[in-house]
Protein chains: 2
Amino acid sequence: MISIIEYSKQNKYSSFLKRKVFENDVLEKTVSETLKNVKQDGNKAVQKYTATFDGYNSSAFLVTTAEFTEAENQISNTLKQAIQNAYDNIYKFHLSQQNNELPVLVQPGVKCWRKSIPIQKVGFYIPGGTAPLFSTVLMLAIPAGIAGCVEKIICTPCNSAGKINPTILYTAKLCGIEKIFKVGGAQAIAAMAYGTETIPRVYKILGPGNQYVTCAKQLVQKEGVAIDIPAGPSEVAILADQSANPAFVAADMLSQAEHGIDSQAVLVTNSKSMIESVQQELEKQLALLPRKDIVYKALQNSCMVLVTDLTEGIELLNEYAPEHLILSVVDSHQYADKVINAGSVFLGNYSPESAGDYASGTNHTLPTNAFAKAYSGVSLDSFIKKITFQEITPQGLRHLSTSITEMAEAEGLQAHANAVKIRL
Amino acid sequence: MISIIEYSKQNKYSSFLKRKVFENDVLEKTVSETLKNVKQDGNKAVQKYTATFDGYNSSAFLVTTAEFTEAENQISNTLKQAIQNAYDNIYKFHLSQQNNELPVLVQPGVKCWRKSIPIQKVGFYIPGGTAPLFSTVLMLAIPAGIAGCVEKIICTPCNSAGKINPTILYTAKLCGIEKIFKVGGAQAIAAMAYGTETIPRVYKILGPGNQYVTCAKQLVQKEGVAIDIPAGPSEVAILADQSANPAFVAADMLSQAEHGIDSQAVLVTNSKSMIESVQQELEKQLALLPRKDIVYKALQNSCMVLVTDLTEGIELLNEYAPEHLILSVVDSHQYADKVINAGSVFLGNYSPESAGDYASGTNHTLPTNAFAKAYSGVSLDSFIKKITFQEITPQGLRHLSTSITEMAEAEGLQAHANAVKIRL
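The following refers to the structure shown. Note that the structure is predicted; figures quoted are calculated from it, not measured.

A look at the pairing of strand 5 (residues 151-155) of chain B
All names here are of chain B.
Right, so step 1: By the criterion of burial, strand 5 is predominantly enclosed, with five of the five residues buried.
Right, so step 2: Here strand 5 shows no split at all, with Glu151, Ile153 and Cys155 on one side and Lys152 and Ile154 on the other all buried.
Right, so step 3: Inspection of the sheet shows strand 4 (residues 121-125) paired to strand 5 by five bridges, in the parallel sense. Across the sheet, the residue bridging to Phe124 is Ile154, located in strand 5.
Right, so step 4: Each parallel crossover has a hand, and for strand 4 linked through helix 6 (residues 134-147) to strand 5 it is right-handed.
Right, so step 5: Pairing geometry for strand 5 and strand 6 (residues 179-181), over three bridges, is parallel. Across the sheet, the residue bridging to Ile153 is Lys179, located in strand 6.
Right, so step 6: A crossover connection joins strand 5 to the parallel strand 6 through helix 7 (residues 166-174); in handedness this β-α-β unit is right-handed.

Structural notes on the sheet that holds strand 14 (residues 384-392) of chain B
Right, so step 1: Across the sheet, which stays open at both edges, the nine strands sit in the order 1(A)-11(A)-10(A)-9(A)-12(A)-13(A)-14(B)-3(B)-2(B) with mixed pairing between neighbours. The open sheet has two edge strands, strand 1 (3-6) of chain A together with strand 2 (104-107) of chain B, and neither has a second partner. Strand after strand, the sheet turns through a mean of 20° between neighbouring axes, direction not considered.
Right, so step 2: Together, strand 9 (235-240), strand 10 (264-269), strand 11 (303-306) and strand 12 (324-328) of chain A form the strand contacts of helix 13 (residues 310-320) of chain A, whose direction differs from that of strand 9 of chain A by roughly 170°.

Some details on the interface of chain B and chain A
Right, so step 1: Each side of the interface is counted separately: chain B has 120 residues, and chain A has 120 residues.
Right, so step 2: At the boundary of chain B with chain A, total buried surface from both sides reaches about 10,600 Å², with 58% on carbon and sulfur atoms.
Right, so step 3: If you look at where chain B meets chain A, you find eight salt bridges.
Right, so step 4: Close ionic contact of Asp381 of chain A with Arg114 of chain B constitutes a salt bridge, the shortest N to O distance being 3.3 Å.
Right, so step 5: For the interface between chain B and chain A, the tally reads 70 residue pairs in polar contact (both at pLDDT 80 or more).
Right, so step 6: Per element, the largest residue contribution to the side of chain B that touches chain A is eleven residues, and it comes from helix 16 (residues 394-410) of chain B.

Section: the sheet that holds strand 9 (residues 235-240) of chain B
The strands making up a sheet associate through hydrogen bonds between their backbones, and the pairing can be parallel or antiparallel.
Right, so step 1: An order of 2(A)-3(A)-14(A)-13(B)-12(B)-9(B)-10(B)-11(B)-1(B) is seen for the nine strands of this open sheet, with the pairing classed as mixed. With partners counted over all chains shown, the strands left at the sheet margins are strand 2 (104-107) of chain A together with strand 1 (3-6) of chain B, one partner each. Strand-to-strand twist of the sheet, defined as the mean angle between neighbouring strand axes without regard to direction, takes the value 20°.
Right, so step 2: Where strand 9 of chain B lies against strand 10 (residues 264-269) of chain B, six bridges are found, and the strand directions are parallel. Note that in strand 10 of chain B the partner of Ala240 of chain B across the bridge is Thr269 of chain B.
Right, so step 3: Contacts between helix 11 (residues 272-286) of chain B and the sheet are confined to strand 1, strand 10 and strand 11 (303-306) of chain B, with strand 11 of chain B contributing the most and set at about 165° to the helix.

Criteria and cut-off values
Residues numbered from 1 in each chain as written. Chains lettered and ligands numbered in written order. Predicted model: local features only at pLDDT ≥ 70, side-chain atom pairs only at ≥ 80, totals over all residues. Heavy atoms only, no water. Buried < 20%, exposed > 50% of the residue type's maximum accessible area, 1.4 Å probe, protein only. Helix = DSSP H or I, 4+ residues; strand = E, 2+ residues; numbered from the N terminus. Pairing = 2+ DSSP bridges. Right-handed = clockwise from strand over helix to strand, strands pointing away. Axes fitted to C-alpha atoms, helices over the stretch in contact; angles between N-to-C directions. Contact = heavy atoms within 4.5 Å. Buried area = accessible area lost by both parts, 1.4 Å probe. Salt bridge = Lys/Arg side-chain N within 4 Å of Asp/Glu carboxyl O. Polar contact = N/O pair within 3.5 Å; in protein donor to acceptor, adjacent residues only side chain to side chain.

The structure is reproduced here in C-alpha cells:
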C-alpha cells in the first residue's frame, strides 16, 4: 500500500520524493477557449458554461439577501460557534502580521520610506460540490479584511437548482463579503480577470480549484492578473523519533490522504519500529474512514523513510519542501530551527495538521509541490502591496548628483543624467 | 509629437492612458522550443544558442577571476565612488525593511509565529549590449545579500569575443557575486530554471530583459519557478501644478522616454500654461540628446493631460497606476497620501526619477503596465519567504477541538476530525 525506503543515499532522495507531474497541453487549449469566450461575450458566455457544467441555466449569478438569510438558518449553533472560534484565532494571528515601517534618512536630505496599501479589488475562488471549503473563505477573507481591500468577491459553483452550500454563504457573510457569484470553473476565473456586465474585474485572484481553475489562473497571470501561489497536490511530511505516538502519526497521514488521490504523506524517522507501528495503525484507522477509496490511492503515492539520524531526516525534508511539516520529536524546537523549506510547521505531538487547516490561526493556503523553496503561504502580505516614496531636498540632490550622473552616463542614458544636472 | 488632452471625461481616461499590447503567440512557440532544448541538452544547447545569437562559440560560460580583475582595472575611480555611494544608500534602505515578528499566543496553549527564511538559490538576468544595466545588479544583489540567499548567480550576454561589460563584472563582485555566466536570452532563463552541467538551477529568477527573456520567465513560472514581477514597457507620470518647473518636468519625461520606443511619459496638470511651457522645453532639450530617435518615438505614445483640479488628477493617476509617479505640486505630501496605485513615488521638485533609478536607496525594479494595482516592486521581501509555525499543548488542543472537528465534519473530512479526536 505504502512504500518503505530504508537508509537511502542522498542522491536517491528525488526518486521516492518526486511528485506527480501533470501534462496539460490539451487542458490549456480548452481553458484558453473558455477565457477568450468570456472575455468576448461576458455574462452570455458565463451563463452558457454554467448551464453546461453545473446544470444551472440562469443569468441570476448574484446570491440574494434571502439566500444569505436562508443559509444562516440552516447552520447549527454548534457549527456557528466553531466557525466563530476559528475566525477569532485567524483574525488575531493575521492582525499580528501588520507592520509599520518608519522613514529612513538615507543620507542628509534624502528620505525614503515604504507604505503598505491594500490591493483594491480581490476575488476568491471557493470550490463547491462534495467538499464545500468554507474554511478557505476564512483563510482568504479575514486577511483581506484586515488589509482593507475595498472590493472582495467570491465565485463558487452552485448545483443545478442554483444553490450554494450554506456553510460557504454563512462564512462569507460573517467575513463581510456580500458579492457571491454562482459561477465555477475556468469561466469564474475568466469573469474575475476580465469582468463581465455583472461580475467585477479584480486585480488578484486567490483560492484553490480543480485543474481547469488552476490552469485558468496560470493563464490570466500571464496577462498581469496576480494570483496567490501556484497550485499542486497537497502533502504532509512528518519527522518522528521514538517519542512520537504511532496512532497520532497515522491519523495525520490519513487526514492528508483524504484530500484527494494525488495527495502525498511522507514519514521520515530514525526508528524502524515506528515504521512498523505506523503501518499497523494506518491499516486499522483506514478501515473506518468514509473516504477510504481516496485515502487508499493517496497512500500509494506516499512513503515511509528510515534514516540514520534526524539531522539526515531534516536535510531530506528541506529538499522535499513539504506543504505541511509535523515535527514529532523530543526536541522539536531544535529541528524547527533547521527548517528551510516548508509551508507551515507543526511542533510536538499535540499540533496536528488539522489544527492549522481550520482553527489555530495560521493560514492553510500554502505552497505545495516544493514551491515552498521560493513561495510563502497566504498571509496579510498577500493582500497588500508596498509603494516606495522618496523626498529629496536641493541639498540632498547635490550630494547624490555625482553618483547619479556618473552611473547614468556609464549606462549610456544621457537624459537620466540631464534630469539631475538641470536641477543643480 | 506628444498628444494633448484637455478636460476629458473620466470614462474616456482609458482611451489615452492605454499601454501597447504585445501579441506573442509566435514568440511563445520559439521560446518554448528553446526551453525544451536547454532542459534536454543542457550546456550543449546553451552553447549552440549563444553561438547563434551572441557569436560566442565556447563552453567556457563562467567568468574567470582574471576577467573580474581586468574589469576592475577598467573602471575609473570616480565611477567606483559613484557606485559605492549608490551601494551604501540602497543597502541602508533595504536593511530597514527587515522585520522580526514575535510569537502570538492565539489562545491559551496555542502559539503561532512566522519566520523569514532566505530563498536559498536566486538567479539574476542582467541585459548587456548597448545598455549594460549594472545598476540593476545593485538593485537585485544588495537585498539578496541582506536576506541571506546562499547561491546568487548572474546570467548576462557577452559579445562575440566572450567579453562582458566591465561595469557589470565590477558591480557584481562588489555585491559578493562570483558566479557570472556568459549567457543571455531565453537560453539563460532556461539554464537557471532547469540547471545545466555548469549553471546551477535556482528557485527564483529576477531581472529585466527583452521580449524573449520576458516570455521565458512567464513560461518557467508556470512550471513553479518564481519570478520577480511581470514585465512591461517602462513609464513615468508627473502630477504638476503652477509651482512645477517646466524644464525639470520635461527633463523627467525625456529621461523616461530614452529607455525605449515603447516607453511612456504622462503629464497631468491643472495648468494650461504648464503644458505649453513643457512642450517648448521638450523640443529644446530633445534636440541635444544622443538617443533622440528613441525618445522621439516614445513621446508619440505619451501625453499631457489638462484636468480641472489636482484631485481629479490623482484619481486619473490611480487608474493609470504608473511605475514612477512624480508629484511636482505645492503640497506633495497631501497628494502622496492619496496614491493607491504606483510603483515608486517622488515628492517635490528635487526628487527626479533618475535619483531612484540609481542612488537614493529605493529599488528601481518596479511594476509597469498597471501591475502596480496588485504588485510591489522588488524589495527585501522578494528574497525571503515566510514559514508559519505552531505549537499546541494538550490543553490548547482541547480548547480548539470542537472548532476543528465540527468544521472538518461539515466539510466531509472525517480523517481531519480523527487526527484531533485520537489525541484527546
